[in-house]
Amino acid sequence: MPATGSYSITAAGANGGNGRTGQGGSGAVISGNFSLTEGQKIRILVGQSGTTNTQNGGGGGGTFVVKDSDNSTSGIYVIAGGGGGGGYTTNGANINGVTTQSGQPGFYGNNQTSLNNAVTSGNGGVVYDSSGGGGGGSIFEEFFGGGGGGGSSFTDPILTAAITHTSGYNSGDGVVVICPFLPSVSISGPVTGCVGGTISFSASAPGGVWSSSNIAVASVGTSGVVYCALPGTATISYTISNSCGTTTATAPVTFSLSPSPGIISGTSTLCAGTFTTLTTTGTGGVWSATNSNATISTSGILTGVTPGLDTVLYTVTSSCGTLSASFPVNIGSHLSVGAISGPTS
């Protein structure tokens, strides 16, 4: 092995050969994850498909992946049983390779009765006899020949993850695929962002590629830094791929505009006890005055209270922060002509 790590090993047994009428059985498929070390050697034997025959097909060979220096059952990583040979006129019910440690017996073609004599039944191979191949079809009865039994399979019981067993490989010779195990992956980062700003994501495993589902709204760099250009939603993805497949983690992010209080306009000078209306080009904000010289309503009606200077604020708050527009006002006192004194005649 080129490096120490967790590897996925998948083996498929070969399919059985076709008989005069019956189709050859499918090989079993066995997959598992194994901890292997750098420099460790493994031996691989790929089963060959069974021979097609005008009478009954030959059984497909088993596929083996084992430790280089261990010939016992403890040295087995995976064995995938081959499919049984096709029958003369029909197939037996146990024609496909199985995922158990003993292959299935062949079947008598006329009435599907199980036969246990390897000469007449085409029994499946037995794994502890170093066999994973499917049995060949019988030629004991020319017109009612039984299909061969499905081959047997085996897995190393000490695994880093659960083994999966399937049946249905019917593409000829067996196959073995070994590649670095794909870990599950997750990403973390903010669920909101602001137009014109950046946010950062991190991943639980290295070696992946970042992407955005909506690059018009947000783009993401190779290190997971996301830049937002427009308001909207984009899904940030992180994908790890190798020859065994692909695993992806995603996170939706909503991007908003920074708050905009707009520009306040209106009369900036009024007398105590009078009122005027102020307006703003912003929306969604709150009016306020900074001291007691004036008051302002929720609709922007400014009332002078006592003479002096005051500042009116219009404040907008969003997920991207808080901003205020200001408007200085001068509250004056009413003119008084005073009292007139003097002779009345």
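Coordinates for the structure precede this section.
Please read these numbers as outputs of a predicted model, since none were measured by experiment. (Residues numbered from 1 in each chain as written. Predicted model: local features only at pLDDT ≥ 70, side-chain atom pairs only at ≥ 80, totals over all residues. Heavy atoms only, no water.)

(A) Summary view of the overall build of the protein chain. The secondary structure content of the protein chain amounts to one helix and 26 strands. A burial count over the protein chain gives 40% of its 345 residues as buried. The long-range share in the protein chain, meaning contacts at least 24 apart out of those at least 6 apart in sequence, stands at 64%. Entry remark: accessible area of the protein chain is about 16900 Å², with carbon and sulfur atoms responsible for 55%. (Helix = DSSP H or I, 4+ residues; strand = E, 2+ residues; numbered from the N terminus. Buried < 20%, exposed > 50% of the residue type's maximum accessible area, 1.4 Å probe, protein only. Contact = heavy atoms within 4.5 Å. Areas by Shrake-Rupley, 256 points an atom, 1.4 Å probe, with all protein chains shown as cover.)

(B) Spotlight on the nonpolar core. In terms of nonpolar packing, the biggest core is built from 20 residues, with Ile187, Phe201, Trp210, Val226 and Phe255 touching the most fellow members. Listed by contribution, the elements that provide at least two residues to this core are strand E14 (218–220), strand E15 (225–228), strand E16 (232–242) and strand E17 (245–256). Those residues in contact with Trp210 that lie beyond four places of it in its chain are Ile187, Phe201, Ser202, Ala203, Val220, Gly221, Thr222, Ser223, Gly224, Ile236, Ser237 and Tyr238. (Core = buried A, V, L, I, M, F, W, Y, C linked by side-chain atoms within 4.5 Å.)

(C) Here's a closer look at the packing of aromatic side chains. A complete count under the given rule lists four aromatic pairs for this structure. Ring geometry for Phe34 versus Tyr77: centroids 5.3 Å apart, planes at 70°, classification edge-to-face. Highlighted residues: Phe34 in strand E2 (residues 27–36) and Tyr77 in strand E5 (residues 76–80), separated in sequence by 43 residues. Residue Phe34 is classed as buried on the basis of its relative accessible area, which comes to 2%. Here the aromatic rings of Trp210 and Tyr238 are separated by 4.6 Å at their centres, their planes lie at 50°, and the arrangement is tilted. (Phe/Tyr/Trp six-rings, centres within 6.5 Å; stacked < 30°, edge-to-face > 60°.)

(D) Looking closely at the sheet that holds E16. Here four strands make up an open sheet; going across it, the order is E10-E17-E16-E13 and the pairing mixed. Both edges of this open sheet fall to strand E10 (192–194) and strand E13 (209–212), since each of them pairs with a single strand only. Taking the axes of each pair of neighbouring strands and ignoring which way they run, one obtains an average angle of 35° across the sheet. Sheet topology places E10 next to E17; three bridges connect them, and they run parallel. In the sheet register, Gly193 faces E17, and the bridge partner there is Phe255. (Pairing = 2+ DSSP bridges. Axes fitted to C-alpha atoms, helices over the stretch in contact; angles between N-to-C directions.)

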